[in-house]
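Structural description and commentary
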Amino acid sequence: MKILITFIFSSLLIGSVILLSFSNNFDDQLLDGTLNGSSESEPHHDKLIGGLLRAGFDEGSCVSRYSKSLLYRKPSPYKPSPYLVSKLRSYEMLHKRCGPGTEAYKRATEQLDANQERSSDKECRYVVWVATEYGLGNRIISMVSSFLYALLTERIILVDQRKDINDLFCEPFPDTSWLLPLDFPLMGQIDSYYKDYSRCYGTMLKNHAINSTTTPPSHLYLHLLHDYRDEDKMFYCEANQAFIKNVPWLVVKSNLYFAPSLWLIPSFQTKLLKMFPQKDTVFHHLSRYLLHPTNQVWDIVTSTYNASLSKADEVLGLQIRVFSTPSGYFQHVMDQIVSCTQREKLLPELATNGSSHSQVMNTTRSKKLKAVLVASLHPEYSDELSKMFLERPSSTGEMIQVYQPSGERVQQTDEKLHDQKALADIYLLSLSDNIVTTERSTFGYVAHGLGGLKPWILYEPKNRKVPDPPCVRALSMEPCFIRAPLHGCQAKKIKTTPFIKHCENWNLGIKLVDAPDKFWWW
């Protein structure tokens, strides 16, 4: 009898443990599914993005850092290489050793004193990124390019904090800061640095102030803006890099995505191939590593996404920039948007007047909800698109809902709330399944690069007429380097390197595409 009671008790105990274990496992699956917008079991959330990010940051101080990938409708198919991950971890240690507040930083800034002899200590070298008067998109693409250059040359990047960088992005590196201290010795001068500055590298070359015996100065100004001269473009030449690498401080002003030309400097190529085996993933990986919106910005992103986009079966992003003067709503631009999206099957055509409601609904087994997210300074484009699908059903039976989070009408760079809304729009666009952007718009570059999306690009209209074709599919998801050094030391390489192509309908620019590892000298 005792044996029977013991057996029954043991069986009940084991059964309870199994049931409890099943219940806990079910709860964990349910929680994971809820976070991903589904009650079904889904793959584990990779908050470190394949090792791009490092664990250990305070999650509450920067919610977006580890939760960004939760909002993406599909995991990125592009995985960072082990070599890139290793280089980022090495960079973080270097930045911690050389960053603001360290003895190494103090010694390095002392070298900037005009009367101080330059030290031979090469432990810490710097790229100082200066915020220019150009818009948010320009700033982001130039900052990412400058970070890539720092990564390749074992420098650390320090960013100008006098604009609104602190209101937009969290600190990207652990246990240190990427912000250029306000008491930086050159802070009172760097705004005036331009092509005529005596320490501008291009000017020094033009004046023959650099030769084989020249002692590298404590700092150089690199003028890499769209109006740079042939002498400034010699920054991209191998021989010139040999001199520049010995300068402790490089002050950079740029509004360009100059990463493609770094691939054409032979001493950088081996590293770049190992870092980015898929050559058109440079911006995608580095932007996701470097750029983490502040909690204020992320609140805008998540609230808009949850309210307007989370229930959609598919999201189409539309980024509309009108470059004409005056800017505003133009019917030919609206016609071009409709022509492009319908021609490329991104939006359905409208039902014909003779189609009955039942005929339209029978074209699909179930109603599909497609959300269209519009980013534009001018709300009339989203208003007209919304009106179009409200007045008549789509020919496919799809429900089309149009949203525009902001419409500021004029660009207000350096106005805090405007820039925060703009950054939120960029991230919302990056969450799309497909995206249409405007030719040569850096705003669009950042959005599709972050999202790992190959966009359709709206051609720039001429004479207020809809271009034919209205748009073209991009060669890759990489931004265009719209003012590339097409002549000089890189001219032959640009023409013969398989993974460098001229940008879509913009022959003055080049961009990275994924292609075999074949260089110009092979």
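Heads up: these notes are all about the structure in this document. (Residues numbered from 1 in each chain as written. Predicted model: local features only at pLDDT ≥ 70, side-chain atom pairs only at ≥ 80, totals over all residues. Heavy atoms only, no water.)

What follows deals with the overall build of the protein. Looking only at helices and strands, the protein features 19 helices and 12 strands. Counting across all 522 residues of the protein, residues that qualify as buried make up 54%. When contacts within the protein are restricted to residue pairs at least 6 apart in sequence, those whose partners lie at least 24 apart make up 74%. As displayed, the protein offers around 24,000 Å² of accessible surface, 54% of which is attributable to carbon and sulfur atoms. (Helix = DSSP H or I, 4+ residues; strand = E, 2+ residues; numbered from the N terminus. Buried < 20%, exposed > 50% of the residue type's maximum accessible area, 1.4 Å probe, protein only. Contact = heavy atoms within 4.5 Å. Areas by Shrake-Rupley, 256 points an atom, 1.4 Å probe, with all protein chains shown as cover.)

Let's shift gears to the pairing of strand β12 (residues 506-512). For β12, a buried count of five out of seven residues is recorded, marking the element as mostly surrounded by other parts of the structure. Judged from the four bridges that link them, strand β11 (residues 500-503) and β12 form a sheet pairing that is antiparallel. Along β12, the bridge assignment pairs isoleucine 500 with leucine 512. The hairpin formed by β11 and β12 contains two residues between the paired strands, and asparagine 505 there has a positive phi angle of roughly 60 degrees. (Pairing = 2+ DSSP bridges.)

Attention now moves to the pattern of salt bridges. Inspection of the entire model under this criterion finds 19 salt bridges. Between aspartate 227 and lysine 195 there is a salt bridge, with its nearest N and O atoms 3.7 Å apart. In this pair, aspartate 227 sits in the loop between β3 (219-224) and α8 (230-233) while lysine 195 sits in the loop between α6 (165-168) and α7 (201-206), placing the two residues 32 residues apart along the sequence. On the accessibility criterion, aspartate 227 (25% relative accessible area) is partly exposed. In this structure, glutamate 460 and arginine 440 form a salt bridge, with 2.3 Å as the shortest nitrogen-oxygen distance. In this pair, glutamate 460 is assigned in the loop between β9 (456-458) and β10 (471-473) and arginine 440 in the loop between β8 (434-438) and α18 (442-451), connecting sequence segments 20 residues apart. Shared partners join several salt bridges into a network, and the residues in it are Glu314, Lys368, Lys370 and Glu398. (Salt bridge = Lys/Arg side-chain N within 4 Å of Asp/Glu carboxyl O.)

With parallel pairing, four strands are arranged side by side in an open sheet as β2-β1-β4-β3. At either end of the open sheet lies a strand with only one pairing partner, and these are β2 (156-159) and β3. Averaged over neighbouring strand pairs, the angle between their axes works out to 25 degrees when direction is ignored. Relative to strand β4 (residues 249-254), strand β1 (residues 126-129) is paired through four bridges, and the arrangement is parallel. Residue pairing in the sheet places tyrosine 126 in a bridge with tryptophan 249 of β4. Sheet strands touched by helix α3 (residues 82-98): β1 and β2. Its angle to β2, the strand with the most contacts, is close to 60 degrees. Set on the sheet, helix α5 (residues 136-153) makes contact with β1, β2 and β4; between it and β1 the angle comes to about 175 degrees. (Axes fitted to C-alpha atoms, helices over the stretch in contact; angles between N-to-C directions.)

Take the environment of alanine 312 next. Tracing the backbone through its elements, the reader meets alanine 312 in the loop between α13 (295-309) and β5 (314-320). Sequence separation of alanine 312 and glutamine 401 is 89 residues, and the distance between their C-alpha atoms is 8.9 Å.

A few words now on the packing of α13 against helix α17 (residues 416-430). Packing of α13 against α17 leaves a shortest axis separation of 9 Å and a crossing angle of 50 degrees. Viewed along their axes, α13 and α17 adopt a mutual orientation that is oblique. For the pair α13 and α17, the crossing hand works out as right-handed. Here α13 contributes Gln296, Val297, Trp298, Ile300, Val301, Thr304, Tyr305 and Leu309 to the contact with α17, which in turn contributes Lys416, Gln420, Leu423, Ala424, Tyr427 and Leu428. Partitioning the contact of α13 with α17 into residue classes produces 10 nonpolar, three polar and one charged. (Parallel < 35°, antiparallel > 145°, perpendicular 65-115°, else oblique. Left-handed = near helix turned anticlockwise from the far one by under 90°. Nonpolar A, V, L, I, M, F, W, Y, C, P; charged D, E, K, R; others polar.)

Before going further, it helps to spend a moment on the state of the cysteines. For the coordinates displayed, the defined rule picks out five disulfides. Covalently, cysteine 62 is tied to cysteine 170 through a disulfide, its sulfur atoms 2.1 Å apart. Between cysteine 62 and cysteine 170, the S-S dihedral sits near 95 degrees, and the bridge is therefore right-handed. With cysteine 62 in the loop between α1 (2-35) and α2 (64-71) and cysteine 170 in the loop between α6 and α7, this residue pair connects regions lying 108 residues apart in the sequence. Using a relative accessible area of 2% as the deciding quantity, one classes cysteine 62 as buried. At a sulfur-sulfur separation of 2.0 Å, the disulfide partner of cysteine 480 is cysteine 503. In this structure the cystine formed by cysteine 480 and cysteine 503 twists about its S-S bond by roughly 100 degrees; its chirality is therefore right-handed. One end of the pair, cysteine 480, is in the loop between β10 and α19 (491-496); the other, cysteine 503, is in strand β11, with 23 residues separating them in the sequence. Accessibility classification places cysteine 480 together with cysteine 503 in one group, the buried group. (Disulfide = S-S within 2.5 Å.)

With that settled, consider the nonpolar core. Ile140 and Phe147 are the most contacted members of the largest nonpolar core, which has 128 residues in total. With 11 residues, the top contributor of residues to this core is α5. When neighbours within four sequence positions are excluded, isoleucine 140 is seen to be in contact with Phe169, Phe283, Leu291, Leu423, Ile426 and Val446. (Core = buried A, V, L, I, M, F, W, Y, C linked by side-chain atoms within 4.5 Å.)

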